[in-house]
Amino acid sequence: MLKNYLTITLRTLRKHKGYSFINISGLALGLAACIIMVMFVRDELSYDQFHEKADRIYRIGLDGYPPNSEGNFFAITGPPVGTVLRRDYPEVEHVVRIEEYNPVIRHKNSYHYDDQFYFAEQEFFDVFSFELIEGDKATALSDPMTLVLTESMAQKYFGTTTAVGQNIILNDSLSFAVSGVLKDFPSNSHFSADFLVSYATRLQFQPENDQAWLRLGTYTYVALNQNASYDDFAAKVKTMVTENFGDQLSSMGFKADLIPQAVPDIYLYSQREAEIGPSGDITQVWVFSAVALFVLLIAGINFMNLATARSMGRAREVGVRKVVGSSRGMLIRQFLGESVVMSMIALFVAIGFVAAAMPFFNDLANKQMEFAQLLQPEFLLGLFVVTTFVGLLAGFYPAFMLSAMPSVLVLKGQIRSTRAGRMLRQGLVVFQFAISIALIAGTGIVYNQVEFMRGQDLGFDQEQVLIVDAQGIPGTAMSEQFEVVKEEFGRLASVTDVSASSSIPGRGTSRRLFNAEDLAEEDSRSARVTNIDRDFLQTYKIDIITGRSLSAEFQTDQREGIMVNETAVEYIGWASAEEAIGKTISFGGPNRTVVGVIKDYHQVSLKQTLEPMLFVMNPRSYGYFSLRLDTNDIPSTIAEIESIWAGLFPGFSFESFFLDDDFNRQYQSEDRLMEVFGFFSFLAIMIACLGLFGLAAFTAQQRTKEIGIRKVLGSTAVGIVRLLSKEFTLLVLAALVVSIPITYFTMDVWLETFPYRTDIGFRIFVVSGMGALLIAWVTVSYQAIRAALTNPVNALRSE
């Protein structure tokens, strides 16, 4: 019996090749989109789940509340937090402190500073489940002047992964012994490193920092005991800073709370300052999931719509089968079996699509997903269940409807498509195109927002500015030679301005607590601090509102001078920029006198509001040279700059990039959202048009006699095309009406997350609707023109 069912199914597929192709390819595209997105979501949700103690590992964050200011939420704490956790909290099983370290490696007469270093305590391997392939976890990070490196770094510097006992020279003079080789960090870890230096080394050279509660720079992780309560621990640890450092905090009017964060939640849910690694976005995960589900829904609707429409053409077949003895149950099984077989074929085609599209999607989403992940048994089982469900759902209506028809009426040709059936198909077409138009409009709105942010006046000129990364140059060498470097770069005819600074627009700056004249002693405030030289403002074409720029010509500027931006003037409470001149500000060290007020500019992207900024001079902190170019021969200019660099800093690699490219990378998340929206919009409209093509063919076939009569009575080909296109035009317009309020509300909620946002104009919906309508016309017109050009004699004879 099963063999007979399969034979009939395959015969039906061969007989109706066009219908089979449209149905299978449409469903395959929908399944492929859904498979890729499920793999993406699984990968996003898998971050840090591989740790054995994942359910009880927490990172301690700090919520700081300066007086009269909004809170600052940090992923870091002061070093003493880890000490107190280890000493006073019995529910804590293990504590590990991690701090960023930025040394320069000297290797074979060359210097390297692009590798990622961290100090880490010896309990690192007790908390985390990273694999140590050489060395002893219990002692690898216990002794000063030892470090663990990844297998990639061992291969890079020693040519082998067997590196224990080898030595690494840091900062030109410190020799570190390799005590372990670590397997490369997995891609689904919220942080990664190339080197882990023993925390005992940091304590040996800077023991005083271990008591500095407000020296924020330590990532503090704990593994709780198995029976410990998170709620009890969170309540207890919240007040730790106040209990141990309360008097000093009160004198500054500052409040600080500690907040434990579950490590598996950090990647998707944490957006704190000073995150240890790049963050994901749970909202985008759910948006991408919803979009993929909608695309699958469109494909499933297509499948069901065409199956329902096509079923009326098989009414006579059903009648004959019932006359020769087929029961209703047999017919139901036949139709459902055909539908499931087609959906299974679509699944295999979809898997082929996924294999072909995986490299493209990995580039799009910045992922490292592998096709082998799809072949996991639980994944395949899920695909099989979903595909079977789609097949059964698509075959349900025709199977039960046709099997219930009286055989006599069917054979007499008295069965026609019902009004309910037509309305169902029309409603599904409207739903398909409503989703497609919403995706097209959503893509357009995301694009408009990104272009809006990129097109705003940033307060500085980012064009033709080349950045030379000098972060690897030791502070002493930088303070001694930065003027020489600037002078050498400035001699080039293609370089109009040169400056040095600790940060550049688009990169983060340090946050400092400060007090200012006219504020109460306990009224500490928080601001961003950037070290600049005298030419920084000129190089970036940033305006000075009043006063002057910092300059080495004024001997006191380096230790006692400071500039502020307009937002800082308002934040402190000074009446005007002119009033700010001569006022004093202090943040550790002697009071600094305001010598100038800078016009506000956007240090970071327009996804964040303007912040108070302070500018000082400290050559030891300079890490970037900014060169404004005036040339069309960029490659030759960069080659000349690199040659100068090699002469001044032999052995140090030359790293450069253009400011505008670097600044715009802050919109990568929105770019990815736009590209994914665009990709799925294309798929959605393509699948919907496949279904529309099939339905147009079915409609033309059903109205063959009507078209023949109309042509005999004088209708033109244009009139016939207009007649057949009218129904689908109305359906697409109905879809546009349905999609507008849904899309507007959804995208308006998304735009509200931006402090600087574009408006949603009606034009985007007109363009999206007209685009969908044009595509629909092109799709339907082929079948309409074909029907209109058919000889009416043949059409009437066929009836």
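For the structure itself, consult the block above.
These notes cover the structure that comes with them.

Cut-offs used in this document
Residues numbered from 1 in each chain as written. Predicted model: local features only at pLDDT ≥ 70, side-chain atom pairs only at ≥ 80, totals over all residues. Heavy atoms only, no water. Core = buried A, V, L, I, M, F, W, Y, C linked by side-chain atoms within 4.5 Å. Buried < 20%, exposed > 50% of the residue type's maximum accessible area, 1.4 Å probe, protein only. Helix = DSSP H or I, 4+ residues; strand = E, 2+ residues; numbered from the N terminus. Contact = heavy atoms within 4.5 Å. Pairing = 2+ DSSP bridges. Phe/Tyr/Trp six-rings, centres within 6.5 Å; stacked < 30°, edge-to-face > 60°. Patch = residues over 30% accessible without salt bridge, like charges linked within 9 Å, V, L, I, M, F, W, Y side chains within 5 Å. Areas by Shrake-Rupley, 256 points an atom, 1.4 Å probe, with all protein chains shown as cover. Salt bridge = Lys/Arg side-chain N within 4 Å of Asp/Glu carboxyl O. Axes fitted to C-alpha atoms, helices over the stretch in contact; angles between N-to-C directions. Expected span 1.5 Å × (residues − 1). Arc of directions from axis to C-beta. Parallel < 35°, antiparallel > 145°, perpendicular 65-115°, else oblique. Left-handed = near helix turned anticlockwise from the far one by under 90°. Nonpolar A, V, L, I, M, F, W, Y, C, P; charged D, E, K, R; others polar.

1. So, the nonpolar core
Side chains of nonpolar character tend, in soluble globular proteins, to be buried together.
Stage number 1. Core analysis: the largest hydrophobic core is formed by 147 residues, its most contacted members being Phe433, Phe625, Trp645 and Phe680.
Stage number 2. Counting residues per element, this core draws most heavily on helix α2 (residues 17-45), at 16 residues.
Stage number 3. In this structure Trp645 touches Tyr113, Val468, Asp469, Ala470, Ile473, Phe489, Phe625, Phe652, Ser653 and Phe654, once residues within four positions along its chain are discounted.
Stage number 4. Counting 49 residues, the second-largest nonpolar core is a separate cluster that includes Ile60, Tyr118, Tyr219 and Leu224.

2. Here's the deal with the pairing of strand β8 (residues 146-150)
The side chains of a regular strand alternate between both faces of the sheet.
Stage number 1. Burial within β8 is extensive, with five of its five residues counted as buried.
Stage number 2. Every second residue of β8 is oriented toward a common face, with Thr146, Val148 and Thr150 on one face and Leu147 and Leu149 on the other, all of them buried.
Stage number 3. Here five bridges tie β8 to strand β10 (residues 174-182), and the two strands are oriented parallel to one another. Within β10, the residue paired with Val148 across the bridge is Gly180.

3. What about the packing of aromatic side chains?
Stage number 1. Applying the stated rule across the entire model yields 39 aromatic pairs.
Stage number 2. Ring plane angle 65° and centroid distance 5.6 Å describe the contact between Phe128 and Phe191, whose orientation is recorded as edge-to-face. Of the two residues, Phe128 sits in the loop between α4 (124-127) and β7 (132-135) while Phe191 sits in the loop between β10 and β11 (195-198), which places them 63 residues apart along the sequence. You'll find Phe128 and Phe191 in the same group, each marked buried.

4. Quick word on a nonpolar patch on the surface
Stage number 1. Taken together, the side chains of Leu45, Tyr269 and Trp286 make up a nonpolar region of the molecular surface, amounting to roughly 340 Å² of accessible area.
Stage number 2. By the element assignment, Tyr269 lies in helix α9 (residues 263-269).

5. Quick look at the environment of Pro264
Stage number 1. Turning to its location among the elements, Pro264 is positioned in helix α9.
Stage number 2. Relative accessible area serves as the criterion here: at 18%, Pro264 is assigned to the buried category.
Stage number 3. Once the C-alpha coordinates of Pro264 and Ile57 are considered, the two residues, 207 residues apart in sequence, prove to be 8.3 Å apart.
Stage number 4. When neighbours within four sequence positions are excluded, Pro264 is seen to be in contact with Tyr47, Asp48, Gln49, Ala54 and Ile57.

6. Here we look at the pairing of β11
Stage number 1. Alternating positions in β11 separate into two faces, Phe195 and Val197 on one and Leu196 and Ser198 on the other, with burial throughout.
Stage number 2. The pairing of strand β6 (residues 117-120) with β11 spans four bridges and is parallel. Counterpart to Tyr118 in the pairing with β11 is Leu196.
Stage number 3. Across three bridges, the pairing between β8 and β11 is antiparallel. Within β11, the position partnered with Leu147 by the bridge is Val197.

7. Regarding the environment of Val92
Stage number 1. Mapped onto the secondary structure, Val92 falls in strand β3 (residues 92-101).
Stage number 2. C-alpha of Val92 to C-alpha of Gln226: the two residues are 134 residues apart in sequence and 9.5 Å apart in space.
Stage number 3. Not counting residues within four places of it along the chain, the set of residues in contact with Val92 comprises Leu85, Val222, Ala223, Leu224, Asn225 and Phe233.

8. Notes on the pattern of salt bridges
If charged atoms from side chains of opposite charge come close, those side chains can pair.
Stage number 1. Following the criterion strictly, the structure yields 41 salt bridges and no others.
Stage number 2. Here Arg56 and Glu93 are joined by a salt bridge, their closest N and O atoms 3.3 Å apart. Here Arg56, found in the loop between α2 and β1 (57-65), pairs with Glu93, found in strand β3; they are 37 residues apart in sequence, far enough to count as distant.
Stage number 3. The residue Arg454 makes a salt bridge to Glu451 at a minimum N-O spacing of 3.8 Å. In this pair, Arg454 and Glu451 are both assigned in helix α15 (residues 419-455), three residues apart and thus about one turn of the helix distant.
Stage number 4. Given a relative accessible area of 27%, Arg454 falls into the partly exposed group.
Stage number 5. Connected via shared salt-bridge partners are Arg86, Arg97, Glu99, Glu121, Glu123, Arg202, Asp210 and Arg215.

9. Observations regarding the sheet that holds strand β15 (residues 495-501)
Stage number 1. Taken in spatial order, the four strands make up an open sheet running β15-β23-β14-β24, and their pairing is antiparallel. Whereas interior strands pair on both sides, the edge strands pair on one side only; in this sheet they are β15 and β24 (656-658). Sheet twist, expressed as the mean angle between neighbouring strand axes with direction ignored, is 25°.
Stage number 2. Sheet contacts for helix α16 (residues 475-490): β15 and β23 (624-629); angle to β15, the most-contacted strand, approximately 165°.

10. A short note on unusual backbone geometry
Stage number 1. Positive phi, normally seen in glycine, also occurs at Asp172, with a value near 75°.
Stage number 2. Inspection of the secondary structure puts Asp172 in the loop between β9 (167-170) and β10.
Stage number 3. Judged by its relative accessible area of 39%, Asp172 is partly exposed.
Stage number 4. The residue Lys541 is not glycine, and still its phi comes out positive at about 55°.
Stage number 5. Looking at where Lys541 falls in the secondary structure, it is placed in the loop between α17 (536-540) and β18 (544-547).

11. Concerning helix α21 (residues 634-648)
Stage number 1. For α21, with 15 residues, the first-to-last C-alpha span of 21 Å sits near the 21 Å given by 1.5 Å per residue.
Stage number 2. Considered for burial, the residues of α21 that qualify are Ile634, Thr637, Ile638, Ile641, Ile644 and Trp645. The buried residues of α21 occupy an angular sector of 120° when the element is viewed end-on, so they sit on one face. What points out from α21, more than 90 degrees from its buried face, is the exposed set Pro635 and Gly647.
Stage number 3. Each element contacted by the buried residues of α21 is listed here: β14 (465-469), α16, β23 and β24.

12. Examining the packing of α16 against α21
Stage number 1. At a minimum axis separation of 10 Å, α16 and α21 run at an interaxial angle of 150°. Relative to α21, α16 is oriented roughly antiparallel. Crossing angle aside, the handedness with which α16 passes α21 is right-handed. Residues Gln481, Val484, Val485, Glu488 and Phe489 of α16 form the contact with α21, whose own contacting residues are Ile641, Ile644, Trp645 and Leu648.
Stage number 2. Residue composition of the contact of α16 with α21, grouped by class: seven nonpolar, one polar and one charged.

Purely geometric numbers; function is a separate question.
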